[in-house]
Structures are given as structure tokens and as C-alpha cells.
Amino acid sequence: MKKINVITLGCAKNRVDSEHLSARFAAAGWSVVFDSDRTDAQVVVINTCGFIGDAKQESIDTILNAVAAKNAGRIEKLFVIGCLSERYADVLRDEIPEVDDYFGARNMEEIADALCRATAGHDTDAMQAVANAAPTDRLLSTPRHYAYLKISEGCNRECGYCAIPHIRGRHKSVPMESLVEEAEKLAAQGVRELIVIAQDTTFYGLDLYGRRTLGELLEKLCRIEGIEWIRIHYAYPAGFPDDVIEIMAREKKICKYIDIPLQHIADTQLRSMRRGHTKAEAVALIRRLRERMPDVALRTTLMTGYPGESEADFEELKEFVREVRFERLGVFTYCEEEGTYSAEKLTDDVPQSVKEQRAEEIMRLQNDIAAEMNAAHETEVMRVIIDGREGDYYVGRTQYDSPEVDGEVLIPASEGRLRRGAFYNVRITAAEGYDLYGTVEKR
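Treat the numbers as computed from the prediction; the structure is a model and nothing was measured.

Undergrad: Tell me what's going on with empty space enclosed by the protein, and back it up with residues and numbers.
TA: As enumerated under the stated definition, the model contains four cavities of 30 Å³ or more in all. What the largest cavity holds in volume is close to 80 Å³. If you trace the largest cavity, you find it lined by Phe51, Ile52, Tyr161, Met303, Phe332, Thr333, Tyr334, Cys335 and Glu337. By residue class, the composition of the lining of the largest cavity is seven nonpolar, one polar and one charged.

Undergrad: Give me the side chain of Asn47: which residues, what numbers.
TA: Within the fold, Asn47 resides in strand E3 (residues 43-48). Accessibility expressed as a relative area gives 1% for Asn47, which makes it buried.

Undergrad: Can you explain the packing of helix H7 (residues 176-188) against helix H9 (residues 214-222)? Please cite residues and give values.
TA: Contact geometry for H7 and H9: axes closest at 10 Å, N-to-C directions at 30°. Between H7 and H9, the angle is such that the two are roughly parallel. Considering only the axes of H7 and H9, their crossing is right-handed. Touching Met176, Leu179, Val180 and Ala183 of H7 are Glu216, Leu217, Lys220 and Leu221, all from H9. The class makeup of the residues in the contact of H7 with H9 is six nonpolar, no polar and two charged.

Undergrad: Now, about the pattern of salt bridges: what can you tell me, with residues and values included?
TA: Where side chains of opposite charge bring their charged atoms close, a pairing between them can arise. Under the definition given, this model contains 37 salt bridges. Where Glu158 meets Arg274, a salt bridge forms, and the shortest distance between an N and an O atom there is 3.7 Å. Here Glu158, found in the loop between strand E7 (152-153) and helix H6 (164-168), pairs with Arg274, found in the loop between helix H11 (267-273) and helix H12 (279-292); they are 116 residues apart in sequence, far enough to count as distant. What makes Arg274 partly exposed here is its relative accessible area of 37%. Note that Lys355 is salt-bridged to Asp348, the shortest N-O span being 2.9 Å. Take Lys355: its relative accessible area is 3%, and that puts it in the buried class.

What counts and what doesn't
Residues numbered from 1 in each chain as written. Predicted model: local features only at pLDDT ≥ 70, side-chain atom pairs only at ≥ 80, totals over all residues. Heavy atoms only, no water. 1 Å grid on protein atoms, 1.4 Å probe; cavity = no way out; pocket = protein on both sides within 12 Å on 5 of 7 lines; lining within 4 Å. Points joined across faces, edges and corners; volume = space filled by probe spheres on them. Nonpolar A, V, L, I, M, F, W, Y, C, P; charged D, E, K, R; others polar. Helix = DSSP H or I, 4+ residues; strand = E, 2+ residues; numbered from the N terminus. Buried < 20%, exposed > 50% of the residue type's maximum accessible area, 1.4 Å probe, protein only. Axes fitted to C-alpha atoms, helices over the stretch in contact; angles between N-to-C directions. Parallel < 35°, antiparallel > 145°, perpendicular 65-115°, else oblique. Left-handed = near helix turned anticlockwise from the far one by under 90°. Contact = heavy atoms within 4.5 Å. Salt bridge = Lys/Arg side-chain N within 4 Å of Asp/Glu carboxyl O.

Set out below in C-alpha cells:
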């Protein structure tokens, strides 16, 4: 059977695009493999990331590796899509002409049709099958028990460091009925956990319905039979809709977990970053979330070394981390991106060594906080979903942990066979770093 290898780089939003695209390929009669090292796929499609320097380099390296395979006769056709080619298509065509064609990152439905035409040749039956495929169809690249649900594209924010609006365009919400249909299809495939994502989930609905409707969408998703967990990623703090807090607290299916990237807390930095909120407003939002949901796990992302970050700004950020004690936290250093406000209007004046040293300081603080919080779970019985087995342990997660970015619960395989995607009550016996160890409670 004809094989096509779809390689996805970057964020989970790219993954969703690849899965929609792959459903079209499958309808056209292709056997799809994901991120495979196999060399028997006649066609390779690389979905690139162009967000920051390291991601760009990874995308270019992946393209060059595929070009080498094509030159060696191991693959027949090579296509590149996504953020990197949206941003640098002309340069890429000049520098890497061996790629059969480049496509961007906007309007994935049109890109999917164009790619299918490029790979189907004159097979009219295949193209008719593609035309009949529903926009909500997906071929999952995740383990079948969880999936990401992308609720919008693009972003209307003008954060000083971020190139996403230049790459992906203005915010565009997916109609609610389409999202519900897509989620119902995912549930029918065995998905038990939905991870709601967008560049700005809390903005959802404003363009379509004239108001923020994330809460209404969450309520509809909660009514889908088979879905047991729903978690929210990338909730922008400015304008956070209070009804979402109430719905999270009330609905048992919604994980007491939310990812709110704050980036910084010093007001001087927030203004320069053009974040649209103050320190006081961020602190008030955190307070509302924890008052309404005392067991909520808050994940955030912080940035060190943004232009003009003073030692006083950094000390204020450290003190904030100490006081708030986030359950989950990541740090990255500022990277100047062409076309952004900070690149055009500000001077990248914090040395790279200082950026990295500050990031390391934040993570040392967080490591201690995470260890203390994890230790507090010892002897507790927690509901855990099993993601798979690694060596002598089954690997699972609590509702407070998102796949691939957070901690895990490790259960000795000697306890007996556990099913991937199944839920178990697990008594926590030990904590180590970001991970927990436990044993399944016998029924």
C-alpha cells in the first residue's frame, strides 16, 4: 500500500493540523505513518515550526535530512507546510529547491486539498474520496485515549515578543457545532481525555458570537458520552471570563488544571511586553481560581531576559514564584524574532548568559516547590489514567498533569496488567522530583 510519512514539529496545534490532513490522505487511500524513521514511505510531509530560533533550526535540519533521503532515492516526493514555510516560503524555495512544494499554515483545508492533488496524480476516485471527507475527520497521532481539540486559529494579541499573529493571522474561532461534532467523533474512536488548545483559548467566540463563549463550549463538551477528562491550555490572563472558573468548579469532567502563560509579573515588563494586564490583575485572577477551586493545579510559563529586564524586575519575578507556588511552571529565555514589536522597537540588551542564569534560578526555585507539593500527595489516593508502559513501570497521569509537559505517576508492572487509557485509583507511596510512585487500590 502507498505510504505517506507526516512529520510534525512544534506545538500541539500543529499536531491537530497534521491529524486533519492525515485523515484526507487516508481517505485518498494512503497508509499514514507519523514521525517515522522508516524509509519505505513514498511521500514525506513535514509540518514545521517557525516560532523561535531553536524551533526554526530543528525544522530546517528535518527538511535537509528528508532532502538527503530524496536525493538517495529513498523517497519520491517531499512537501513542507506550517509556520516556517508560511513565514519564509520564498527564501526556502531559493535555498532548498529539492522540496516539491511549500505550503503555509493558514487555511489548512485548502492546503490539504492541494497536497492531496499533488500526491493523487490523476486518480479521480481518490480526489472524490478526499472531497467527501468531513472537515472534522482526524487520524490520531496521539495514543488513542487522549486528543487535542484546537478551538481557534491565530491571535489578536500584540505581545511584544510574539510572531504568531504575523504567521497565523487574526484570531478565528472554530464554530461550536463543528467542535462538538469533532469531539463526538474523537470519543467514538476511544478518546477519553480532551485537551482544549488555542493560541488564546479565553478569547474563543468573540469573533463569531460577539462574546467570550469558552464556558458554553466547555459545558457542551462535558455532555459528550465517553469523554471523562477535559483540560484547558493557553488561557490568556487578560479578560479571563469568570464564568469559566464557575464551570470548571462545577463540572466534574473538567480537570482542576489550567495553563495560563504569564511570561512576567513586574509591571514595567508587562507594559513593555504589551500584555494588556497588570501584576495586580494577574494576582487577583490567581486568587479567584484558587478560592473557587482550592485543589486547582496552575501551570504557567515565564520569560527571562526580555529587553530592559532589570535586576529589580527579576527579583520581583522570583519573589512572585516563591509566594504563588505554582504547581507547574516552565521558563524560557527571550529570543528576538524579526517582525515583532520588541525586535523593531527595543534593544536586546540582556546578555544571553544572564538570561540563562536567571532562567536557571527560577527553575531551582520551582524544583523545590514542586518537590514539596509532590511529597504532600504521599498516602493520598488519586485517580490516574494510564498512558502506557516503560520498562518495569506503567506510566500514568493525574488530572493535574498534561501529557508530555508535566509529571507522571509510576506504578510497578509487577502489580499486574493495566490497560492503556483506563482509569485506576492509585495510592501514592513515594514522591521523587516531578514524579509520583504508587500502587493500584484493589477493588
